[in-house]
Amino acid sequence: MGPSSVHDHLRGHLREARAALRVAAAVSTTLLLAAVGTESATPETPVAAARSLVVLVHGFGAGPDCWDAMIPALGGPGVAVVTHRYTWTSGVESLGAQLADEVTDLARRSGARSVTLVGHSLGGVIVSASLAGGRLDGVVTRVVTVAAPLRGTRWAHLFPVGAVRDLRAGSPAVPAGIPWLAVASRADVVVDVHSAAPEGAETVVVDGLGHCGLLKDPDVIARIASGAVSARRERGVRAHRSSEPRVRCGTRPPALVGA
């Protein structure tokens, strides 16, 4: 191996190390936010009286408080917002089945006409797993995933435990008949755009927002909230879908640049 080849090899390892450090920092930030977060907001409509349900599923190392900025935008008269808590030491398949059971019970208790599932990061993968085998057919009317490694992530080997171990590369199809919105960021060093956009989903891509910052950004929150409202008003109407992300270049990050 010549001097130039050795140099290129070392540079490649250095880039990998820097990327790994950025991922570790992002995960540490998530854990810190979970530790110091405030108490989750209380839904303004109780489940028993809800005409619509929104179920929020947090990511790895986080908790229900990660949704504090989004809950007020998603709730409203007749809408119950529920935060689902899970233990990530279990596998994704098991966690998906648990979520499906909870959503089924919530829908039965409320008689809600629409149910929207929103999952961030690992939570989005669990949302996808909850739909396996048609378990929530006729119950869930819309799905939103935010920075979810639905096609897997190469960083899973950094923490190969429980559900994280299941984040292998894949390409899940979006269940037919369920409108699915996938949100991703080009600035996310944990989950890249390709992994966060499953085939068949409507995709929104943003600039300038990190893995956790997506949950706090007003533009992203407004886009997710508008989709939830649309699902409530148009139950059973399938949204336009494309197998390719529809991305337009923007000029003012971190505003939405895809729709």
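Residues numbered from 1 in each chain as written. Predicted model: local features only at pLDDT ≥ 70, side-chain atom pairs only at ≥ 80, totals over all residues. Heavy atoms only, no water.

Chemist: Give me the pairing of strand 6 (residues 202–206): which residues, what numbers.
Modeler: The element strand 6 is extensively covered by neighbouring structure, given that 5 of its 5 residues are classed as buried. Of the two faces of strand 6, both are covered, the one formed by E202, V204 and V206 as well as the one formed by T203 and V205. Where strand 5 (residues 180–185) meets strand 6, 5 bridges bridge the pair, whose relative direction is parallel. Note on strand 6: the bridge partner recorded for L181 is E202. (Buried < 20%, exposed > 50% of the residue type's maximum accessible area, 1.4 Å probe, protein only. Helix = DSSP H or I, 4+ residues; strand = E, 2+ residues; numbered from the N terminus. Pairing = 2+ DSSP bridges.)

Chemist: Go over unusual backbone geometry with me, naming the residues and quoting the values.
Modeler: At S121, a residue that is not glycine, the phi angle is positive and equals roughly 55 degrees. Along the chain, S121 falls in the loop between strand 3 (114–120) and helix 4 (122–130). Overall, the relative accessible area of 10% leaves S121 in the buried class.

Chemist: Please give an account of the packing of aromatic side chains that cites residues and values.
Modeler: Scanning the model with the defined rule gives 1 aromatic pair in all. Taken together, a centroid distance of 4.9 Å and an interplanar angle of 65 degrees make the contact between F60 and W88 edge-to-face. One end of the pair, F60, is in the loop between strand 1 (52–57) and helix 2 (71–74); the other, W88, is in the loop between strand 2 (79–84) and helix 3 (92–110), with 28 residues separating them in the sequence. Residue classification places F60 among the buried positions, given a relative accessible area of 17%. With a relative accessible area of 22%, W88 lands in the partly exposed category. (Phe/Tyr/Trp six-rings, centres within 6.5 Å; stacked < 30°, edge-to-face > 60°.)

Chemist: Account for the sheet that holds strand 6, with residues named and values stated.
Modeler: Across the sheet, 6 strands lie side by side as 2-1-3-4-5-6; this open sheet has parallel pairing. Edge positions in the open sheet fall to strand 2 and strand 6, since each of these has one partner strand only. Between one strand and the next, the sheet's axes are offset by a mean angle of 15 degrees, whatever the strand orientation. (Axes fitted to C-alpha atoms, helices over the stretch in contact; angles between N-to-C directions.)

Chemist: So what's going on with helix 4? Residues and values would help.
Modeler: Residues spaced three or four apart along an α-helix point in a common direction, a consequence of the helix completing one turn every 3.6 residues. Of all the 9 residues making up helix 4, 9 are buried; the element is thus mostly covered by neighbouring parts of the structure. Listed as buried for helix 4 are L122, G123, G124, V125, I126, V127, S128, A129 and S130. Considering only its buried residues, helix 4 is in contact with strand 1, helix 3, strand 3, strand 4 (142–146) and strand 5. (Contact = heavy atoms within 4.5 Å.)

Chemist: Any details on the confidence of the model for the protein? Residues and values, ideally.
Modeler: When pLDDT is averaged along the protein, the result is 75; 64% of the residues meet or exceed 70. In the predicted structure, residues 26–43 sits below a pLDDT of 50 and forms 22 contacts with residues beyond four places in sequence or in another chain. Here residues 230–259 scores under 50 on pLDDT; set against residues more than four positions off or in separate chains, the count is 74 contacts. (pLDDT = per-residue confidence, 0-100.)

Chemist: Run through the packing of helix 3 against helix 4, naming residues and quoting values.
Modeler: At a closest axis distance of 7 Å, the pairing of helix 3 and helix 4 adopts a crossing angle of 70 degrees. The orientation of helix 3 with respect to helix 4, classified from their angle, is roughly perpendicular. Along this stretch, helix 3 crosses helix 4, giving a crossing that reads as right-handed. Residues V92, L95, G96, L99 and A100 of helix 3 form the contact with helix 4, whose participating residues are L122, V125, I126, V127, A129 and S130. (Parallel < 35°, antiparallel > 145°, perpendicular 65-115°, else oblique. Left-handed = near helix turned anticlockwise from the far one by under 90°.)

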